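Structural description and commentary
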Amino acid sequence: MWKIGYVLFLLPILFTLVSCSNKDNSFTIDDVDIQAQIAEDGTIHVKELYSYTFNDSNQKVTRQMASNIENFQAYVASDRLENAEVKTANLEPLKVDKDHEEYHVNFVSDYQPKQIIYSYTIDGAVTKHNDMADFSYSFFDTTQTDLHNVTVNLYTPSNQLSDDTHFFFHSHKQPSQKKTDGRIHYQHDLVSQSESYPFRLLFPANELTSRPVDQATNIKNVLVSESSLQWRYQNIEENFNSKTWLVVISMILTLLAGFGLFYFRPNKKKGTTLKEALLSSMEKTDPLLVKYVDNDGKLAEEDVIAGVFSLHQRGLISISDVPSELNAGNTFRFTWRRSQAKLAESDQYLKNWLFTNQDEDGAYFLLESMATPNKRKSIKTFNQNFVKWRQLVEEQPPFKEVNSPYLPYHLFSFSLVLITLGLLTYFVFFDVWSRGIQYSVITFFTIFGSIVLFFKCHKVLMAILFAEIFLLSVFLSMTTATALFLVFIIIAGSLSFLIPSSKYKSGTNELQIAIKLAKKLLKTNHYPMGNTAREIQKQMQYAIILQEENKFAKNCSSIPPTLLKSGNYPLLNDPRHTASAFDASLLLTGPFIDRNGARGKFHGKDTSGGANAI
């Protein structure tokens, strides 16, 4: 999971570096004048005057324009101009090569400053409603170079500004605007690559005399929401930073409580128990319980093998190496010993479920029957049997008492979810997003947060919640409070992950430490081998259920052959074959063992037809 977070953290940085590399340093743009006239049919006629200073013999300038641009032309100004209010009829257009939405303007450069006049039309940017016309646009969405000393003049079709003409900037930086001489005039000292300065112009619909109504609705009521939005744009930094103290206090309390809970956490290794004592303790523990603790109190389908080894270590079954029914090799047979001992309910269920074949030696099943393809319906049958067996196992005292919920974690996580969602709600509602988006975001996170609380702050759900809140918060308006909130989310998410959600009883805690040590030693081929074949075969079983059988099999190559002559140790006859046969990736990929199979006599091959698997 940390690798995914690391990649997500690096992506914005890489994107920023790539974006910065697109900047053209062969020239600077010293002045820009834009004249935009809205025609009576809603088409916008634009003329722009760009003043360039070239740093090399560049003979081409590339303009990336919006997709709704038409009739793009470029001219070199013959005289020094003050603005773009110039007629181009007597000017010779420059050669322009269009590549998708890029316009490559070609001319001869002699290192001298030049003024280029651009002329184009914008189609489909104006929407006519019953009462008002709506022109929402940005002249700088595709800017690839910083623009200096920018002037913009907007003219409505009537060239008059009535009381029903309204102009709004949708950006944090809002330049001063003037309504004069029938136009809207504003200026920017600098427009960088990262800024677009979108705006919205609303004017009376009756000025578009040559355009039909696009949407038969009245939108004058949007003035209220626009006024609210403008207030948030103008006061966003003040609104956000006014809650900096709350974020700081939340962060301090979270750190104090989180580090306190982590330092005094349960399940922490105490004392200096000897390595040999820990491993001996694990090898004396029931294999199924070892697997249950290793899985943090859960059992998966492949853990049926641990249940079978549990039966073997308790003397209820025998293991033998027999010819395979599927190939020329061997497989393992598990045979139920005849015994009058009363079985636990889970053991009886496992016997009835798996040991469906019968011969003179007793009820048995073959290991390879758990990897043989069969019908899809068998998967459902196996899963039903497994779930029932797992329930019976978990009802037994040793498994029921393995762990219990760690109440301080749940109180801590519950508080974190409420505090984080509260801060997120404040920042979202005071940001400049539309009300629809704000309500959608808060509704989603409220529902998701409720699900997390309903499932008692499960760690996976907590991780997803904090990751999604962090990713969303990156798109909030960046202020001091926002940056602190991002740090708070990282701290809260990390602490909720580090603090355990459950606590083990004393003996189980020691067993968990022993399991971690055993897995480490098995992986590094440093696990101490037993002195007898019986002990080594038992160790092989633990290596199998801890999924380190291949490592242990290599160590078994040093076992003297004389050691195996003292008895029957099928798992050690060919350790590499044993490791391969019990490979969890090959077993239980959808197995099924028929509980109603026919009974027959086994003579090397199963003639009963009762063991089927997927």
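We now turn to the structure provided with this report. (Residues numbered from 1 in each chain as written. Predicted model: local features only at pLDDT ≥ 70, side-chain atom pairs only at ≥ 80, totals over all residues. Heavy atoms only, no water.)

Attention now goes to a nonpolar patch on the surface. On the surface, Trp 245, Leu 246, Ile 249 and Leu 253 cluster together into a nonpolar patch covering about 390 Å² of accessible area. Locating Ile 249 in the fold gives a position in helix H3 (residues 244-263). Residue classification places Ile 249 among the partly exposed positions, given a relative accessible area of 40%. (Patch = residues over 30% accessible without salt bridge, like charges linked within 9 Å, V, L, I, M, F, W, Y side chains within 5 Å. Areas by Shrake-Rupley, 256 points an atom, 1.4 Å probe, with all protein chains shown as cover. Salt bridge = Lys/Arg side-chain N within 4 Å of Asp/Glu carboxyl O. Helix = DSSP H or I, 4+ residues; strand = E, 2+ residues; numbered from the N terminus. Buried < 20%, exposed > 50% of the residue type's maximum accessible area, 1.4 Å probe, protein only.)

Overall, antiparallel pairing links the 3 strands, which are arranged E3-E6-E5 in an open sheet. Every interior strand has two partners, whereas the edge strands, strand E3 (60-64) and strand E5 (95-99), have only one. Strand-to-strand twist in this sheet, taken as the mean axis angle between neighbours without regard to direction, amounts to 20°. Note that E5 and strand E6 (residues 102-106) share 5 bridges and pair antiparallel. Residue Asp 99 lies in a different strand from E6, and its bridge partner there is Glu 102. (Pairing = 2+ DSSP bridges. Axes fitted to C-alpha atoms, helices over the stretch in contact; angles between N-to-C directions.)

As summarised here, the arrangement of the 4 strands in space is E8-E9-E14-E11, forming an open sheet in which the pairing is antiparallel. Looking at strand neighbours, the two that pair on one side only are strand E8 (126-128) and strand E11 (166-169), the edges of this open sheet. Strand-to-strand twist of the sheet, defined as the mean angle between neighbouring strand axes without regard to direction, takes the value 15°. In this sheet, strand E14 (residues 199-204) lies alongside strand E9 (residues 132-137) in antiparallel orientation, the contact comprising 6 bridges. When the sheet's bridge partners are listed, Ala 133 is paired in E14 with Phe 203.

Time to look at the side chain of Arg 183. You can see Arg 183 is positioned in strand E13 (residues 183-191). Here Arg 183 occupies a buried position and makes no salt bridge, while the nearest side chain of opposite charge, Asp 181, is found at 4.3 Å. Here Arg 183 is in contact with Asn 153, Leu 154, Tyr 155, Leu 161 and Lys 178, once residues within four sequence places are set aside. (Lys, Arg positive; Asp, Glu negative; His and termini not counted. Contact = heavy atoms within 4.5 Å.)

Pairing analysis gives 8 bridges linking strand E10 (residues 147-155) to E13, with the strands arranged antiparallel. Note that in E13 the partner of Val 150 across the bridge is His 188. Strand direction decides the pairing type here: strand E12 (residues 177-180) and E13, joined by 4 bridges, are antiparallel. The partner of Lys 178 across the bridge, within E13, is His 185. Hairpin connection from E12 to E13: 2 residues lie between these consecutive antiparallel strands, with Asp 181 at a positive phi of about 55°.

Pairing between side chains becomes possible if they bear opposite charge and their charged atoms approach one another. A complete count under the given rule lists 10 salt bridges for this structure. For the salt bridge of Lys 220 with Asp 164, the shortest nitrogen-to-oxygen distance reads 3.7 Å. One end of the pair, Lys 220, is in the loop between E14 and helix H2 (222-241); the other, Asp 164, is in the loop between E10 and E11, with 56 residues separating them in the sequence. Judged by relative accessible area, which is 44%, Lys 220 ranks as partly exposed. Measuring nitrogen to oxygen at the nearest pair gives 3.2 Å for the salt bridge that ties Lys 519 to Asp 294. Linking Lys 519 in helix H14 (residues 506-523) with Asp 294 in helix H5 (residues 287-294), this pair joins segments that are 225 residues apart in sequence. Assessed through its relative accessible area of 23%, Lys 519 is described here as partly exposed. Because the salt bridges share partners, they merge into one network encompassing Asp 134, Arg 200 and Glu 226.

For helix H11 (residues 435-454), with 20 residues, the first-to-last C-alpha span of 28 Å sits near the 28 Å given by 1.5 Å per residue. Those residues of H11 not exposed but buried are Gln 438, Val 441, Ile 442, Phe 445, Phe 448, Gly 449 and Val 452. An end-on view of H11 places all buried positions within 135° of arc, on one side of the element. Counted as exposed and oriented over 90 degrees from the buried face of H11: Tyr 439 and Phe 454. One or two residues past the end of H11 sits Lys 456, with phi positive at roughly 55°. (Expected span 1.5 Å × (residues − 1). Arc of directions from axis to C-beta.)

When you line up the elements, Glu 48 lands in strand E2 (residues 44-54). The exposure class assigned to Glu 48 is buried, which follows from its relative accessible area of 1%. Looking at Glu 48, its side chain comes within polar contact range of the side chain of Arg 63, at 3.0 Å. Setting aside residues up to four positions removed in sequence, Glu 48 forms contacts with Asp 33, Ile 34, Arg 63, Ala 84, Ile 116, Ile 117, Tyr 118, Tyr 120 and Phe 139. (Polar contact = N/O pair within 3.5 Å; in protein donor to acceptor, adjacent residues only side chain to side chain.)

Okay, the packing of helix H6 (residues 304-313) against helix H7 (residues 345-354) next. The relative placement of two packed helices is expressed as an angle between their axes plus a distance between the axes. Relative to each other, H6 and H7 sit at 110°, their axes nearing to 11 Å. Here H6 is positioned roughly perpendicular relative to H7, judged by the angle of their axes. Two packed elements cross with a definite hand, and for H6 against H7 that hand is left-handed. For the pair formed by H6 and H7, the contact residues are Val 304, Gly 307, Val 308 and Leu 311 on the first element and Asp 347, Leu 350, Trp 353 and Leu 354 on the second. (Parallel < 35°, antiparallel > 145°, perpendicular 65-115°, else oblique. Left-handed = near helix turned anticlockwise from the far one by under 90°.)

What follows concerns unusual backbone geometry. Positive phi outside glycine occurs at Asn 149, with the angle close to 50°. Counting through the fold element by element, Asn 149 comes out in strand E10. Here Tyr 197, not a glycine, exhibits a phi torsion of approximately 50°, which is positive. Relative to the helices and strands, Tyr 197 is located in the loop between E13 and E14.

Attention now goes to a negative patch on the surface. Taken together, Glu 40, Asp 41, Glu 70 and Asp 123 make up a surface patch of like negative charges. Turning to its location among the elements, Asp 123 is positioned in the loop between strand E7 (114-122) and E8. (Charge placed at Lys NZ, Arg CZ, Asp CG, Glu CD.)

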